[in-house]
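# Remarks on the overall topology
As a plain string of letters, each chain reads:
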Amino acid sequence: MGPMDDPKDALVSQLVEAIRDISGLPECRNASKKMYGNLVRRVKLLSPLFEELKDSDEKLGDEEFRGLESLRVALASAKELLRSVNEGSKLFQAMHRDNIAGKFQQVTEQIEEALSQIPYDKLDISEEIREQIQLVHAQFKRAKVSMDSPDLQLEMDLAIAQKEKDPDPVILKRLSEKLQLRTINDLKKESLAFHDMVILSGGVPGESFEKMSYLLRKIKDCIAMGNPEADASEGEKGLIKHRSPVIPDDFRCPISLELMKDPVIVSTGQTYERSCIQKWLDAGHKTCPKTQQTLLHTALTPNYVLKSLIALWCESNGVELPKKQGSCRNRKSGSSGSDCDRAAIAALLQKLADGDSEQQRAAAGELRLLAKRNADNRVCIAEAGAIPLLVELLSSTDSRTQEHAVTALLNLSINEANKGTIVNAGAIPDIVDVLKNGSVEARENAAATLFSLSVVDENKVAIGAAGAIPALIDLLCQGTPRGKKDAATAIFNLSIYQGNKVRAVRAGIVAPLMRLLKDAGGGMVDEALAILAILASHQEGKIAIGQAEPIPVLVEVIRTGSPRNRENAAAVLWSLCTGDAQYLKMARDLGAEEALKELSENGTDRAKRKAGSIMDLLQKIDVVANP
């Protein structure tokens, strides 16, 4: 059995990975913020235990293995809860806060129970780590018996807003602030989360559905009236005009809460936007989303009367009728309801599949342009089955065809659903190959495609494993100015995943980053510092940066750089100085104290914190030197 096959190693690696995943989750911005933050903070504190166990050569006994396995299961539950809370409907969570709090309590108890089962005296860990874990265990014990106090103001506001026909705008404004539903964009995300919840869960119970729909409409109207163009796209600005009139509830689809453009009636007599109810039915549901009654049949009858009333209302209120494409679209090849030319796309795909090399090159070039043009085209091209054919052309010996194919995939990847289709078609190794061996433009666009795909967390792992990072570093060193930018953004995003930090450091990224950082006229200082800041959070990154004589340039940036660069330079300096007095002394000798004091007063919030922490460390070494 090889070292990687050791069950102990596998279990400890899974625990390390689970804690890293939880630590890397985005900040929560809803009513569960405090419970979410507390759980993430406590789980993070477990990290040193497993980092130390990972370096141990001792075997685990059965008792230790069982304890750690139960903790792995508990952390998997915690991760699932945190992710669902962060991505779910903010309004739903606020209205069901007791239920959510109960789930946090359950997970806390599960973790505490698992920690109780681990025999720490039998583990090969230092006394310091044992003491730290006992303190963390004590925190989980306390958390198990002390529930978070309820937000009485939020509960009162929700109760009043649900009861009153026209709630006080002050209450709606307070709710929008508390739930972080401040802009048109926030509301769009909330509508999608609510809509997805309805579709995926088989419907929210009728009364809850009604209350949430009603509240979301009221908050939407409040925000539209108060600040109609905040965060709105051009299309939305056209829709809401200067002072948007409140859309009558009967004109909104109960699923999407948007103004209906193609209203249809189902067998219960309820009216929905055609594309939204069709998506519901396609998901296999047999009930009416609003009433929860079983549908006698799935025929959809156009509601011509309501459609005419909506058109009249739009005309009299100066509101532009929504375009044919609805927010719940679920279009399939051959459906009407889009602006793209499906016949032309089908003809291009035929050439990709069966044409000679010139036809393939021309067709890939056309698809590249079409995919760049608009969102409709990106959906239509993907639905027609172009992605697997374009992935095949990444291996073309014709450099121009390869260039067109990778750029077409880059443009298609702007659509979130297409990202998954591209990865599932096995594109990542081929894109990495183009990055290594393609033409200048193909390499740049391959880097940009990898950045686009890496927005999805699991793709970060796959892209790193496919050998992309050394090739991106080559592009960072040798590319055109645009190529360097594409490479840097991809490396930064990939390095959010811990494993890729190590890959980047071992591939020699620190030396070129330091060169870019010192070349003020090269236009890459921002990118170099951002990547260094993310690498410095890893022990190997910290060591490699420390060996590159970074202190003088970091102090100079803290003194004279832009606000964001000063923040990142302070973050790198803080990582280096933590636990290493030689860097502290070097920084002090270069006059860092004055620059840090100024940064602690005038920097960004994060910069102020980092500057303050470094100044505390400087004071400690002064105390040691002059007791």
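Remember, it's a predicted structure, so these values are computed and weren't measured experimentally.

## A short note on the overall build of the chain
In terms of regular secondary structure, the chain is built from 34 helices and three strands. The contacts of the chain with a sequence gap of at least 6 include a subset with a gap of at least 24, amounting to 70%. Just so you have it, the chain exposes about 29800 Å², and 52% of that area is on carbon and sulfur atoms.

## Overview of the confidence of the model for the chain
Per-chain confidence: the chain averages 82 in pLDDT, with 87% of residues scoring 70 or above. Taken together, the stretch residues 329–338 has pLDDT below 50 and engages in 23 contacts with residues farther than four places along the chain or on a different chain.

## Quick notes on helix α27 (residues 510–518)
Buried within α27 we find Val-510, Pro-512, Leu-513, Met-514, Leu-516 and Leu-517. On the buried face of α27, the contacting elements are α24 (468–478), α28 (525–535), α29 (539–546) and α30 (551–560).

## Considerations on the side chain of Gln-93
In this structure, Gln-93 sits in helix α5 (residues 90–95). Within the local environment of Gln-93, its side chain forms a polar contact with the backbone oxygen of Val-85, the two atoms lying 2.7 Å apart. Sequence-distant contacts of Gln-93, defined by excluding residues within four places in its chain, comprise Asn-30, Ser-32, Ser-84, Val-85, Gly-88 and Ile-100.

## Regarding the environment of Gln-117
With respect to the helices and strands, Gln-117 occurs in helix α6 (residues 97–117). Residues Gln-117 and Leu-71 lie 46 residues apart in sequence; the distance between their C-alpha atoms is 8.9 Å. Apart from the residues lying within four places of it in its own chain, the contact partners of Gln-117 are Glu-63, Gly-67 and Ser-70.

## Topic: the pattern of salt bridges
Per the stated rule, a full pass over the model turns up 25 salt bridges. With a closest N to O distance of 2.5 Å, Glu-273 and Lys-261 form a salt bridge. Placement of Glu-273 in strand β2 (residues 271–273) and of Lys-261 in the loop between α12 (234–240) and β1 (263–265) is noted, with a sequence separation of twelve residues between them. Grouping residues by exposure puts Glu-273 and Lys-261 together as buried. Here Glu-383 ties to Arg-342 by a salt bridge, and the two come within 3.6 Å at their closest N and O atoms. Pair noted here: Glu-383 is in helix α17 (residues 375–383) and Arg-342 is in helix α15 (residues 342–354), with a separation of 41 residues, a long-range link. Judged by its relative accessible area of 31%, Glu-383 falls in the partly exposed class. Here the salt bridges do not stand alone but share partners, grouping Arg-20, Glu-51 and Lys-54 into one network.

## Re a negative patch on the surface
On the surface, Asp-55, Asp-57, Glu-58 and Asp-124 cluster together to form a negatively charged patch. You can see Asp-55 is positioned in the loop between α3 (47–54) and α4 (62–87). On the basis of relative accessibility, which here comes to 63%, the residue Asp-55 falls in the exposed class.

## What about helix α31 (residues 563–577)?
With 15 residues, α31 ought to run about 21 Å at 1.5 Å a step, and its terminal C-alpha atoms sit 21 Å apart, in line with that. Counting buried positions along α31 yields twelve of 15 residues, so the element is predominantly enclosed. Gly-579 lies just past α31 and shows a positive phi near 80 degrees.

## What about the nonpolar core?
Leu-390, Leu-472, Ile-509, Leu-517 and Leu-535 are the most contacted members of the largest nonpolar core, which has 95 residues in total. The element best represented in this core is α28, accounting for eight residues. With near-sequence residues (within four places) excluded, Leu-472 lies in contact with Leu-435, Ala-447, Ala-487, Ala-490, Ile-491 and Leu-494. By size, the runner-up hydrophobic cluster in this structure holds 42 residues, among which are Leu-81, Leu-115, Ile-129 and Val-136.

## Considering the packing of α27 against α28
Two elements in contact, α27 and α28, have axes separated by 8 Å at closest approach and are oriented at 140 degrees. The angle between α27 and α28 falls in the class oblique. Where α27 crosses over α28, the handedness of that crossing is left-handed. Together, Leu-513, Met-514, Leu-516 and Leu-517 of α27 and Val-525, Ala-528, Leu-529, Ile-531, Leu-532 and Leu-535 of α28 make up the contact between the two elements. Partitioned by chemical class, the residues of the contact of α27 with α28 number ten nonpolar, no polar and no charged.

## Quick notes on unusual backbone geometry
Of note in the backbone geometry, Gln-180 takes a positive phi value of approximately 60 degrees without being a glycine. Note on placement: Gln-180 falls in the loop between α9 (169–178) and α10 (184–201). A relative accessible area of 16% means that Gln-180 is categorised as buried. The residue Glu-549 is not glycine, and still its phi comes out positive at about 50 degrees. Tracing the sequence through the fold places Glu-549 in the loop between α29 and α30. Taking the relative accessible area as the measure of exposure, Glu-549 reaches 65% and is therefore exposed.

## Considerations on the environment of Leu-123
Along the polypeptide, Leu-123 turns up in the loop between α6 and α7 (127–145). Since its relative accessible area comes to 6%, Leu-123 is described here as buried. Remark: the alpha-carbon pair of Leu-123 and Lys-59, spanning 64 residues in sequence, is separated by 9.1 Å. The contact partners of Leu-123, leaving out residues within four places of it in the chain, are Leu-49, Leu-53, Leu-60, Glu-64, Ile-118 and Arg-130.

## Quick notes on the sheet that holds β1
Across the sheet, which stays open at both edges, the three strands sit in the order β2-β1-β3 with antiparallel pairing between neighbours. Two strands close off the open sheet at either side, each with one partner strand: β2 and β3 (301–302). Relative to β2, β1 runs antiparallel, the two sharing three bridges. Its bridge partner being in β2, Pro-263 is matched across the sheet by Glu-273. Most of the contacts of helix α13 (residues 274–282) go to β2, to which it runs at about 95 degrees, and overall it touches β1, β2 and β3.

## Some details on the side chain of Asn-500
Within the element layout of this structure, Asn-500 appears in helix α26 (residues 498–506). Of the polar contacts made by the side chain of Asn-500, one reaches the backbone oxygen of Leu-494; its length is 3.0 Å. When near neighbours in sequence (up to four residues on either side) are disregarded, Asn-500 contacts Lys-460, Gly-464, Ile-469, Leu-494 and Ser-495.

## Some points on a nonpolar patch on the surface
Residues Val-305, Leu-309 and Leu-312 make up a contiguous nonpolar surface patch of roughly 300 Å² in combined accessible area. Residue placement: Val-305 occurs in helix α14 (residues 304–316). Note on Val-305: relative accessible area 61%, which makes it exposed.

What counts as what
Residues numbered from 1 in each chain as written. Predicted model: local features only at pLDDT ≥ 70, side-chain atom pairs only at ≥ 80, totals over all residues. Heavy atoms only, no water. Helix = DSSP H or I, 4+ residues; strand = E, 2+ residues; numbered from the N terminus. Contact = heavy atoms within 4.5 Å. Areas by Shrake-Rupley, 256 points an atom, 1.4 Å probe, with all protein chains shown as cover. pLDDT = per-residue confidence, 0-100. Buried < 20%, exposed > 50% of the residue type's maximum accessible area, 1.4 Å probe, protein only. Polar contact = N/O pair within 3.5 Å; in protein donor to acceptor, adjacent residues only side chain to side chain. Salt bridge = Lys/Arg side-chain N within 4 Å of Asp/Glu carboxyl O. Patch = residues over 30% accessible without salt bridge, like charges linked within 9 Å, V, L, I, M, F, W, Y side chains within 5 Å. Lys, Arg positive; Asp, Glu negative; His and termini not counted. Charge placed at Lys NZ, Arg CZ, Asp CG, Glu CD. Expected span 1.5 Å × (residues − 1). Core = buried A, V, L, I, M, F, W, Y, C linked by side-chain atoms within 4.5 Å. Axes fitted to C-alpha atoms, helices over the stretch in contact; angles between N-to-C directions. Parallel < 35°, antiparallel > 145°, perpendicular 65-115°, else oblique. Left-handed = near helix turned anticlockwise from the far one by under 90°. Nonpolar A, V, L, I, M, F, W, Y, C, P; charged D, E, K, R; others polar. Pairing = 2+ DSSP bridges.

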